[in-house]
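# Structural description and commentary
Spelled out from the first residue to the last, the chains are:
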Amino acid sequence: NSDEAILAAALLKRLADVLFTVRGDARRASDLLAAAQKKAPEAGLGAALARLLGQQYRWKEASHALETHLAHFPEDSGAALMYEQAKNYARKP
């Protein structure tokens, strides 16, 4: 059920926030958000995931997260700008 998936995604977002804030563990936090986005892309976690991935210089994954996010939230101009930036960084050697 979509409502349950969105609720689970919200809980994973909170856990990811704690992992990142308390432990500074961007890798585990982004792994949690990636799982949440995969399960419930309509939960709108793509931009938050992309920010975490960007902090780790994982630009290709960040651009993919934003692409998925924009498929569900095409009006998100901030995510669209982030997407263009992430694509540019992903192209750099």
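Please refer to the structure higher up on the page.
Residues numbered from 1 in each chain as written. Predicted model: local features only at pLDDT ≥ 70, side-chain atom pairs only at ≥ 80, totals over all residues. Heavy atoms only, no water.

Turning our eyes to something else, we now look at helix H1 (residues 2–23). Along its 22 residues, H1 runs 31 Å from first to last C-alpha, staying within 8% of the 32 Å computed at 1.5 Å per residue. Three or more residues of H1 are buried, namely Ala5, Ala9, Ala16 and Leu19. Projected down its long axis, H1 carries its buried residues within an arc of 80 degrees, all on one side. Relative to its buried face, H1 has exposed residues pointing more than 90 degrees away, namely Asp3, Glu4, Leu7, Leu11, Arg14, Thr21 and Val22. Next to the buried residues of H1 lie helix H2 (26–39). (Helix = DSSP H or I, 4+ residues; strand = E, 2+ residues; numbered from the N terminus. Expected span 1.5 Å × (residues − 1). Buried < 20%, exposed > 50% of the residue type's maximum accessible area, 1.4 Å probe, protein only. Arc of directions from axis to C-beta. Contact = heavy atoms within 4.5 Å.)

It is worth spelling out the packing of H1 against H2 at this point. The geometry of H1 relative to H2 is characterised by a closest axis approach of 8 Å and an angle of 170 degrees between their N-to-C directions. Compared by their axis directions, H1 and H2 come out roughly antiparallel. Contact residues: H1 offers Ala5, Ala9, Leu12, Lys13, Leu15, Ala16, Leu19, Phe20 and Arg23, while H2 offers Ala26, Arg28, Ala29, Leu32, Leu33, Ala36 and Lys39. A breakdown of the residues in the contact of H1 with H2 according to their chemical character gives 12 nonpolar, no polar and four charged. (Axes fitted to C-alpha atoms, helices over the stretch in contact; angles between N-to-C directions. Parallel < 35°, antiparallel > 145°, perpendicular 65-115°, else oblique. Nonpolar A, V, L, I, M, F, W, Y, C, P; charged D, E, K, R; others polar.)

The description of an aromatic ring pair rests on the distance of the ring centres and on the angle between the ring planes. Applying the stated criterion across every chain, the model contains two aromatic pairs. With a centroid separation of 6.3 Å and an interplanar angle of 75 degrees, the aromatic rings of Tyr57 and Trp59 are classed as edge-to-face. Residue classification places Trp59 among the partly exposed positions, given a relative accessible area of 21%. When the centroid spacing of 4.5 Å and the interplanar angle of 25 degrees are considered together, the rings of Trp59 and Tyr89 count as stacked. Of the two residues, Trp59 is situated in helix H4 (residues 59–72) and Tyr89 in helix H5 (residues 77–91); the sequence distance between them amounts to 30 residues. We classify Tyr89 as partly exposed; its relative accessible area is 41%. Put simply, the rings of Tyr57, Trp59 and Tyr89 touch in pairs and so form one group of aromatic residues. (Phe/Tyr/Trp six-rings, centres within 6.5 Å; stacked < 30°, edge-to-face > 60°.)

This part takes up the packing of H4 against H5. As a packed pair, H4 and H5 sit with axes 8 Å apart at the nearest point and diverge in direction by 150 degrees. Here H4 is positioned roughly antiparallel relative to H5, judged by the angle of their axes. Crossing handedness for the pair H4 and H5: left-handed. Residues Trp59, Lys60, Ala62, Ser63, Leu66, Glu67, His69 and Leu70 of H4 form the contact with H5, whose own contacting residues are Ala79, Ala80, Met82, Tyr83, Ala86, Lys87, Tyr89 and Ala90. In terms of residue class, the contact of H4 with H5 is made up of 11 nonpolar, two polar and three charged. (Left-handed = near helix turned anticlockwise from the far one by under 90°.)

Looking now at the environment of Glu4. Checked against the element boundaries, Glu4 lands in helix H1. What makes Glu4 exposed here is its relative accessible area of 56%. When the C-alpha positions of Glu4 and Arg51 are compared, they lie 25 Å apart, and in sequence the two are 47 residues distant.

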